[in-house]
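Remarks on the overall topology
The residues making up each chain are set out below.
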Amino acid sequence: MSLDAAPTGDLVADLRARFGRAILARQETAEDFPVLWIAPEAAPAIHRYLKQEIVRPFPLLVDLWCIDETERRNRAGQPASGVTVCTHLTSLERNADIRLKIACDAEAPEMPTLAGVYPNADWYEREAFDMFGVRFTGRAHHRRILMSPLWDGHPLRKTHYARATERPPFRMTDAVFHDTEDAMQPDPEGWGHPMMRDGQELMMLNFGPHHPSAHGVFRIVLGLDGEEVVWAEPDIGYHHRGAEKMAERQSWHGFIPYCDRIDYLGGVIQELPYLMAVERLCGITVPPRAQMIRVMLAEFYRINSHLLFYGTMAQDVGAMSPVFYMFTDREKIHRITETITGARMHPAFFRIGGVAMDLPTGWDALVREFLEWMPSRMDEYERMVLRSELFRIRTKGVGAYDVATALDWGTTGPQLRAAGCDWDLRKRRPVMGYDQFEFEVPLGHTGDIYDRTRVRADEIRESLKIIRQCLENMPEGPTKADHPLTTPPPKDRTYQDIETLIHHFLSVSQGTVVPAGEATGQFEGNRGLSQYSIVSDGGTESYRTRIRSPSFTHLQMIPTLAPGMTVADLVVQIAAIDFVMSDTDR
Amino acid sequence: MMTALAVVVILILSAMLLGGLMAAAGVFTWAERRLLGFMQERLGPNRVGPFGFAQWIADTVKLITKEDAPPEGADRPAYFLAPVLAALPILAGFGVVMFAPGWAIAELDMGVMFVMGMLALTVYALVLGAWASRNRYATLGGLRAAAQLLAYESFLGLSLMGVVMLTGSFALGDIVAAQEDRWFVLVQPLGCVLFLIAGVAAAHRLPFDLQESEQDLVAGFMTEYSGMNFALFFLGEYLAVLLVAALATTLFFGGWHGPVLPGAVWFGIKVGIIAFVFVWLRATLPRPRYDQLIGFAWKVALPLALLNLLATGWIVVGGA
């Protein structure tokens, strides 16, 4: 992240001048952006100032999450805090970020709500309540979002158990079953939705969590007048596996395979922001060859994910065939990733400081063959899908939004670019040598479903360009950094000197010890911004790993876009969001 | 004596036709899946029997032996009646189809009207099944089916009236006989296109399969059906495709006329080609939205059908 340091320096001075003592402290971190501790009661005003009043504002609330500080040892220079609520804001005009931290009480954490400033804070606050028990004054309700409504406790608190074996065995008795079922009953009144419109009773339709078009275990409760959607209430959490909790029990190295499963279609893409954060803490610079292997694989998985989107998008408007053709292409990509990494969907191929192994002999022939195969296929899909009149009448003008609305809801990635906002982190904050590549950032105009499909289809072509450049310019050299903290550590000298042997033994048997501190990794993934914010307490595992996933924010926009759509439109809208539930619930 | 014999003969013929149709529908499901596989870079069923041909038999056995569980709170009599109503009218409709000169169970004077009526009756099955299942997706599907029927039946009938006017008869035999020199598709191209569009809708096939569109309604009116009842709906749908194809062959593509081969074979070939087009459509087209479809029917297709009728009438009267 090569952020411009100068404007943020002014920014801190500006905030101090304006809010005086409400800016409690500035935390020294390895990050490229300022981290400020602010007073809880001033939080809404400061956020409002940053979003609306400042010159070149911060319209995007990237993330809001908490850190349970109660067992953290290394937090010198930070104000006392039990549970810290963090917000991460991005300014597109400045191309800069700022992180604000709010200290709360450990027993009864509480702060004013930010949902009035940033609409997408709503779900984040629900998550903060769900996971940490933080109460946000001014909110109408505190409903759980990921855990079951009957859950006892707040799972990401350090006092909460991490494994089922730490509890008596769970039994699904009849009573538990019925209680759970009752708790899951739709409750339009409680959600604040009407059941009548113009004297007509609305029909409530429980869409999902097992619906062929819900793309995973996603549930939306719909209020319907005929076929028209009057209101929609998304319900997520069915795919929640507690990845953030697992991160606190895995070694830094051992968590890499879990990243693959955050967005199970993104393959290695999710490993990148995680590793970027870890490498930042360790101070590792990844060698060029490893960087380019990472870029190439990431782009392969981007194509893979976009192809699945493209095909299912066409299928959700009723076109049966494209998805099968695209699976042929995806199979070809899988062959390549299988040859390089040994796996198809979840390669777990990247390592702290590089990649697991060098490219195999003959990889270039496979990649070249694919690069020759794919463009003509893309032309065919263009004819089959994007230029099909029936596809156009189904998607043009449906689900449109403007950039301001998109940013209000925390939208990033192709979803944002389809509305015409030129924001691609690969261009704006190039990492891993993305600035060396020639590629365009496809943009839409209206944000409607057609534009969203077109943007992703064009991104496939751009990814092909990047892969071609990787193929032609793959540098020679090591595939892992020469650094003691790379994992698994360098082994070539282990039998020559005892120091290396001991380090290797400890690192392999116990895990890498990552220096204490906080670091953030951001990557423009296939669905948008993936951000991993990690806290190390100087141990072999993470103290806190926060995973900011694009799908979570994107789904939150559904209630805004759905009213007025028909059920069939809603299905297409869901497809056009291109989410996966594992990425939403983590 | 004679009448009793005639009845027996007709019963035997009917039974043969029934058996033949069931098998044809079964084979059609296999053919469709293989064709779709071929069109979509995959194999389709190829395990049971040569080229997977016995797949439809295996499927039938599976469906017959499968548990059929009506949902809680369903209207059981209606729930079980609906699938029967889906298949029965279509089978009856085949009773008047003339496969070759004189090869029909019943040579009705009003043959065209009878087939049309039978096709329209199937919608009762859909609405009834939807209502009886007590499922909201099914309800939406049933409502769509009813609205779509109104929209498409309106010009289905009108689109073929041109042919009836040219022939001066509603009997299917007469209509085919009138095409000895020239198929009606050449004289009535617009009527033919409109008929085929409405035919796709009447057979509930993509892009007009809104009442069961799986992307939004799971399976529409069929959501709660399984086992043999599901199979009956399925049978009705596939037979409807064949019936529409047979009707199109009769009305526009010269029925049994053709060189060298016997008439019935030509009839079969033509039905097969039209059924193939149905499959092809399914592999190719996306599905419009419900209101767009209904709008198309009322605003475009119906006026065109009326225009076609007007022009035909003018030609018939002017020519006479």
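Not measured: the values here are computed from a predicted model.

The next subject is the interface of chain B and chain A. Each partner contributes residues to the interface: chain B has 25 residues there, and chain A has 34 residues. Interface of chain B and chain A: buried area, both sides summed, is about 2,500 Å²; carbon and sulfur atoms make up 56% of it. Interface area lost by chain B to chain A is led by Gln215(B), Pro286(B) and Arg289(B), which between them contribute 25%. Linking chain B to chain A there are three salt bridges. Of the charged contacts, one joins Glu227(A) and Arg144(B) as a salt bridge, the two residues approaching to 2.5 Å between their closest N and O atoms. For the pair chain B and chain A, the number of links is 12 residue pairs in polar contact (both at pLDDT 80 or more). The set of elements that each furnish at least two residues to the side of chain B that touches chain A consists of helix 1 (2–39), helix 5 (136–167), helix 9 (214–217), helix 11 (263–284) and helix 12 (290–319) of chain B. Classifying every residue of the side of chain B that touches chain A gives 12 nonpolar, three polar and 10 charged.

This next bit is on the packing of helix 11 (residues 363–386) of chain A against helix 16 (residues 449–473) of chain A. Geometry of a packed helix pair, given as the angle between the helix axes and the separation of the axes. Residues and elements named next belong to chain A. Between helix 11 and helix 16, the least distance of the axes is 10 Å, while the angle of their chain directions is 160°. When the axis of helix 11 is compared with that of helix 16, the two are roughly antiparallel. Judged by the sense of rotation from one axis to the other, the crossing of helix 11 with helix 16 is left-handed. Along its contact with helix 11, which presents Trp363, Asp364, Val367, Arg368, Phe370, Leu371, Met374, Pro375, Met378, Asp379, Glu382 and Leu386, the element helix 16 presents Tyr450, Thr453, Arg454, Ala457, Ile460, Arg461, Leu464, Ile467, Arg468, Cys470 and Leu471. Its residues placed into classes, the contact of helix 11 with helix 16 shows 15 nonpolar, one polar and seven charged.

For the rest of this paragraph, the subject is the nonpolar core. Of all hydrophobic cores here, the largest spans 148 residues; its most connected members are Leu15(A), Ile46(A), Leu50(A), Tyr274(A), Tyr310(A) and Ile558(A). Considering each element in turn, this core owes the most residues, 14 residues, to helix 9 (residues 288–316) of chain A. Those residues in contact with Tyr274(A) that sit more than four places away from it in its chain are Ser251(A), Trp252(A), Phe255(A), Ile256(A), Cys259(A), Tyr532(A) and Ile534(A). Core analysis: the second largest hydrophobic core is formed by 69 residues, Val97(B), Leu160(B), Val163(B) and Leu293(B) among them.

For the rest of this paragraph, the subject is the environment of Glu382(A). Residues and elements named next belong to chain A. Along the chain, Glu382 falls in helix 11. Remark: the alpha-carbon pair of Glu382 and Arg143, spanning 239 residues in sequence, is separated by 44 Å. Excluding residues that lie within four positions of it along the chain, Glu382 makes contacts with Tyr310, Arg387, Arg454 and Arg461.

This paragraph deals with the sheet that holds strand 11 (residues 219–225) of chain A. If you trace the three strands from one edge of the open sheet to the other, you get 10-11-12 (chain A), paired in antiparallel fashion. Strand pairing shows two members of the sheet lacking a second neighbour, strand 10 (203–207) and strand 12 (228–235) of chain A, which therefore form its edges. Between one strand axis and the next, the sheet turns through 20° on average, direction left out of account. Pairing analysis gives five bridges linking strand 10 of chain A to strand 11 of chain A, with the strands arranged antiparallel. Along strand 11 of chain A, the bridge assignment pairs Asn206(A) with Val221(A). Helix 5 of chain B contacts strand 10 and strand 11 of chain A of the sheet and is inclined by roughly 115° relative to strand 10 of chain A.

Summarizing the sequence annotation, UniProt attributes the feature "domain: NADH:ubiquinone oxidoreductase 30kDa subunit" (unreviewed entry) to residues 36–164 of chain A in the numbering used throughout. Annotated as residues 36–164 of chain A, this span is 18% helix and 28% strand, and its ends, taken at the C-alpha atoms, are 37 Å apart.

Further remarks concern unusual backbone geometry. Most peptide bonds take the trans form, and the phi angle of most residues other than glycine is negative. Notably, Asn95(A) is not glycine yet its phi reads approximately 55°, a positive angle. The residue Phe51(B) is not glycine, and still its phi comes out positive at about 55°. On the secondary structure map, Phe51(B) appears in the loop between helix 1 and helix 2 (55–65). Relative accessible area serves as the criterion here: at 65%, Phe51(B) is assigned to the exposed category.

Attention shifts here to the side chain of Thr412(A). Residue and element names in this part refer to chain A. Tracing the chain through its elements places Thr412 in the loop between helix 13 (403–408) and helix 14 (414–417). Look at Thr412 and you get buried, because its relative accessible area is 1%. Those residues in contact with Thr412 that lie beyond four places of it in its chain are Leu60, Arg527, Gly528, Leu529, Arg548, Pro550 and His554.

How each quantity is defined
Residues numbered from 1 in each chain as written. Chains lettered and ligands numbered in written order. Predicted model: local features only at pLDDT ≥ 70, side-chain atom pairs only at ≥ 80, totals over all residues. Heavy atoms only, no water. Contact = heavy atoms within 4.5 Å. Buried area = accessible area lost by both parts, 1.4 Å probe. Salt bridge = Lys/Arg side-chain N within 4 Å of Asp/Glu carboxyl O. Polar contact = N/O pair within 3.5 Å; in protein donor to acceptor, adjacent residues only side chain to side chain. Helix = DSSP H or I, 4+ residues; strand = E, 2+ residues; numbered from the N terminus. Nonpolar A, V, L, I, M, F, W, Y, C, P; charged D, E, K, R; others polar. Axes fitted to C-alpha atoms, helices over the stretch in contact; angles between N-to-C directions. Parallel < 35°, antiparallel > 145°, perpendicular 65-115°, else oblique. Left-handed = near helix turned anticlockwise from the far one by under 90°. Core = buried A, V, L, I, M, F, W, Y, C linked by side-chain atoms within 4.5 Å. Buried < 20%, exposed > 50% of the residue type's maximum accessible area, 1.4 Å probe, protein only. Pairing = 2+ DSSP bridges. UniProt positions renumbered as here; feature names shortened; annotations may be inferred.

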